[in-house]
Amino acid sequence: MTDTAGKGRSIGRKSVQVSLKPQELMTDRPSLAKAWTAQVITLFPDAFPGLLGESLTGRALKDGIWQLQTTDLRRFGVGKHRNVDDTPSGGGAGMVLRADVVANAIGDARRKARGRMPLLYLSPRGVPFTQKMAQDLSTQDGVTLLCGRFEGVDQRVLDHYEIMEVSMGDYVLTGGELPAMTLIDACVRLLPGVLGNAESAVEESHSNGLLEHPHYTRPALWEGHDIPQVLTSGDHGKVAAWRREMSEQITRQRRPDLWAKKSSTDPQ
């Protein structure tokens, strides 16, 4: 999942005021040479950063750990009304995003790309997005995401640019913007300095092929329910063994597909 774009001039990392509102985080900001970059090609650029501008991802955006660049697909529309779509060849319902319009938007975005930034199209027919994919993408220089609408994108532009299609699940949404935010969130939280405790990303669901164990905290007794005694025993070895056992049990029960895959790859 690698792709190469021209490298831009390094200008270093800039400081940004913490008081900025989410949309302002993307306004009049110079390109940060060392920041992980998420490029989003969309008909709805004002939808970003959305929730990505809040909490840990928002703080990381303010701190310049990552940056967000949106490309407005409508800007490349054809004619007085800047049309971006047309009826499907061969007939049928809905509209299809035009190859020439999408290609011009991709070209504009990729001219700003640098280093290794895979080009992905959010699509329900794509390969399933996984934690492993998020880990791989977080080690790149960034990613360029194409958000579809209507019936999708003219196949020719996908073939021409050899765009990888990625799916967030076996369901259909009205567009690729929400999946794009999901993918970006999954990648950004893995960047160094984003999570307060680096071990959080190591122990969570899917990172080791298993679902995560249950969590507990204060109060020790709630509505007649106690915290499992092993977690308050102070024996770290027993705690680790209990958590592993619970992860395996939950994975077997809820995701037999994951359990079968894990069992087949673990050394006997």
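Analysis parameters
- Residues numbered from 1 in each chain as written.
- Predicted model: local features only at pLDDT ≥ 70, side-chain atom pairs only at ≥ 80, totals over all residues.
- Heavy atoms only, no water.
- Pairing = 2+ DSSP bridges.
- Helix = DSSP H or I, 4+ residues; strand = E, 2+ residues; numbered from the N terminus.
- Axes fitted to C-alpha atoms, helices over the stretch in contact; angles between N-to-C directions.
- Contact = heavy atoms within 4.5 Å.
- Parallel < 35°, antiparallel > 145°, perpendicular 65-115°, else oblique.
- Nonpolar A, V, L, I, M, F, W, Y, C, P; charged D, E, K, R; others polar.
- Core = buried A, V, L, I, M, F, W, Y, C linked by side-chain atoms within 4.5 Å.
- Buried < 20%, exposed > 50% of the residue type's maximum accessible area, 1.4 Å probe, protein only.
- pLDDT = per-residue confidence, 0-100.

## Side note on the sheet that holds strand S7 (residues 119–128)
And then number 1: Here we have 5 strands laid out as an open sheet, ordered S3-S2-S8-S7-S9, and parallel in their pairing. Bordering the open sheet on either side are strand S3 (66–72) and strand S9 (164–167), each of which pairs with just one other strand. This sheet shows a mean twist of 35 degrees between the axes of neighbouring strands, independent of strand direction.
And then number 2: Helix H2 (residues 99–110) contacts strand S2 (36–42), S3, S7 and strand S8 (142–147) of the sheet and is inclined by roughly 160 degrees relative to S2.

## Points about the packing of helix H7 (residues 236–254) against helix H8 (residues 256–265)
Helix packing for two helices is described by the angle between their axes and how far apart those axes are.
And then number 1: Close contact between H7 and H8 brings their axes to 5 Å; oriented N to C, the two are set at 120 degrees. One finds that H7 runs oblique with respect to H8. Every residue of H8 that contacts H7 at Arg 244, Glu 248, Thr 251, Arg 252, Gln 253 and Arg 254 is listed here: Pro 256, Leu 258, Trp 259 and Lys 262.
And then number 2: A breakdown of the residues in the contact of H7 with H8 according to their chemical character gives 3 nonpolar, 2 polar and 5 charged.

## A word on the nonpolar core
And then number 1: Core analysis: the biggest nonpolar cluster contains 30 residues, and Trp 36, Trp 66, Phe 129, Leu 137, Leu 145, Leu 183 and Ile 184 have the highest contact counts within it.
And then number 2: At the level of secondary structure, the elements contributing two or more residues to this core comprise S2, helix H1 (55–62), S3, S7, helix H3 (131–138), S8 and helix H5 (177–188).
And then number 3: No other element matches H5, which puts 7 residues into this core.
And then number 4: Those residues in contact with Leu 183 that lie beyond four places of it in its chain are Leu 120, Leu 122, Phe 129, Leu 137, Val 143, Leu 145, Val 166 and Met 168.
And then number 5: By size, the runner-up hydrophobic cluster in this structure holds 20 residues, among which are Phe 76, Ala 99, Val 153 and Val 157.

## Notes on the confidence of the model for the chain
And then number 1: Per-residue pLDDT for the chain has a mean of 89; in total, 85% of the residues score no lower than 70.
And then number 2: Under a pLDDT of 50 for its full length, residues 1–19 has, in the predicted model, 41 contacts with residues more than four places off or in other chains.

## Brief notes about H1
And then number 1: Every buried residue belonging to H1 is among Thr 57, Gly 58, Ala 60, Leu 61 and Lys 62, and all of these are buried.
And then number 2: For H1, the secondary structure elements touched by its buried residues are S3 and H5.
And then number 3: Where H1 terminates, the next one or two residues include Gly 64, which has phi positive at roughly 80 degrees.

## A short note on the environment of Leu 258
And then number 1: Tracing the chain through its elements places Leu 258 in helix H8.
And then number 2: The exposure class assigned to Leu 258 is buried, which follows from its relative accessible area of 17%.
And then number 3: Among all residues touching Leu 258, those that are not within four sequence positions of it are His 206, Gly 209, Leu 211 and Thr 251.

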